[in-house]
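Inside the fold
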Amino acid sequence: MSTFTLPNSNPQIAVHLTSDLSQEQLLSFPAFKTWISTLQHSLSTQQNKSHTFHSAPYKLRTIEIQSVDFFGGKRIGFVKLKAEVSNDKGEKLPGSVFLRGGSVGMFLILQPDDVPFKSEDEKHVILTMQPRIPAGSLSLAELPAGMLDDAGTFAGGAAKEIEEETGLEVPANELTNMTELALSSATSDDEENLQQGVYPSPGGCDEFVPIFLWQKRIPREQMNGWQGKLTGLRDHGEKITLMLCPLEKVWRHGGRDAKVLAAWALYEGLREEGKL
């Protein structure tokens, strides 16, 4: 194990590494860079006299890397760490963190093209049924989603995931970022520069998920042909089955997946405000 001082940290923050992780690898890991930047900014807001913690501000003291998972042998996939965040009174905040970075979720609404235009009838949402070992499931109904990679933009990453999981080629410029649209119209004066996404489990994980919407009218026979289609990247170990769910029932059939519920709530809320 080795230790280094986090660059540009004041007070100085000691970072303890595992034997299989170097300083350069950690500092170049996108999820770590986003997390540490966001946290440091949020801590700086305590300087404001109106902040709840102004009288006894919390500071990031140390970071202990506990384990690392690599993808393909070289690229960092996940990092588990313990961050000590405390104030001068000795009061601590929970600091167990599972770093995995951002993901994208896609709310794909299909409608037969023989239905009258602008009608809400027979709209269906694509869900994926796939094994999720952390949940103990071999067939969990979810919104199509995937981790952000080198696609460059959230919209580009979403379009890539749509094609990988459903076989649909969707131009990125046809996607609507519902999370960003909803947050941009929020009235709260939020000083923290959090990511424009839904946080499914902020008590232990940094993951944030922008939810994109894509609506398409397609031939009825094509829709029927997708029901139960096996998709996914076989070389990534993916075994995904598609499920077409009526829009009005998606909150029930996908109720175990936070992404489904978030997408449905965003869609309904934005429609009610006339933004979709």
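Here the structure is shown first, and the text comes after it.
Note that the coordinates shown come from a computational prediction; the quantities given were computed from them, not determined experimentally.

With that out of the way, let us pick up unusual backbone geometry. Cis rather than trans, the peptide bond between Asn 10 and Pro 11 has omega equal to 5°. Within the secondary structure, Pro 11 is located in the loop between strand S1 (3–5) and strand S2 (14–16). The phi torsion at Asn 8 lies on the positive side, around 60°, for a residue other than glycine. Among the structural elements, Asn 8 can be located in the loop between S1 and S2. Given the relative accessible area of 81%, Asn 8 is considered exposed.

This part is about the pairing of strand S4 (residues 75–86). As paired strands, strand S3 (residues 59–71) and S4 are joined by 11 bridges and run antiparallel to one another. Counterpart to Thr 62 in the pairing with S4 is Glu 84. The loop that links S3 with its antiparallel partner S4 comprises three residues; one of these, Gly 72, has a positive phi angle of about 65°. By the bridge criterion, four bridges tie S4 to strand S6 (residues 96–99) in an arrangement that is antiparallel. Considered in S6, the bridge of Lys 82 is made with Ser 96.

Looking now at the packing of aromatic side chains. Within this structure, the stated rule accounts for seven aromatic pairs. Centre to centre, the rings of Phe 32 and Trp 35 are 5.8 Å apart; their planes meet at 50°, and the pair counts as tilted. Placement of both Phe 32 and Trp 35 in helix H2 (residues 30–44) is noted, with a separation of three residues, approximately one turn of the helix. The exposure classification of Phe 32 matches that of Trp 35, with both residues buried. Geometrically, the ring pair formed by Trp 251 and Trp 264 is tilted, given 6.3 Å between the ring centres and 35° between the ring planes. Taken together, the residues span a long stretch of sequence, with Trp 251 in helix H6 (residues 250–253) and Trp 264 in helix H7 (residues 258–272) at a distance of 13 residues. Looking at Trp 251, the relative accessible area reads 35%, which means it is partly exposed. For Trp 264, a relative accessible area of 29% gives the class partly exposed. Here the aromatic residues Phe 71, Phe 78 and Phe 98 are joined through ring pairs into a cluster of three or more.

Reading the values: rules and limits
Residues numbered from 1 in each chain as written. Predicted model: local features only at pLDDT ≥ 70, side-chain atom pairs only at ≥ 80, totals over all residues. Heavy atoms only, no water. Helix = DSSP H or I, 4+ residues; strand = E, 2+ residues; numbered from the N terminus. Buried < 20%, exposed > 50% of the residue type's maximum accessible area, 1.4 Å probe, protein only. Pairing = 2+ DSSP bridges. Phe/Tyr/Trp six-rings, centres within 6.5 Å; stacked < 30°, edge-to-face > 60°.

Purely geometric numbers; function is a separate question.
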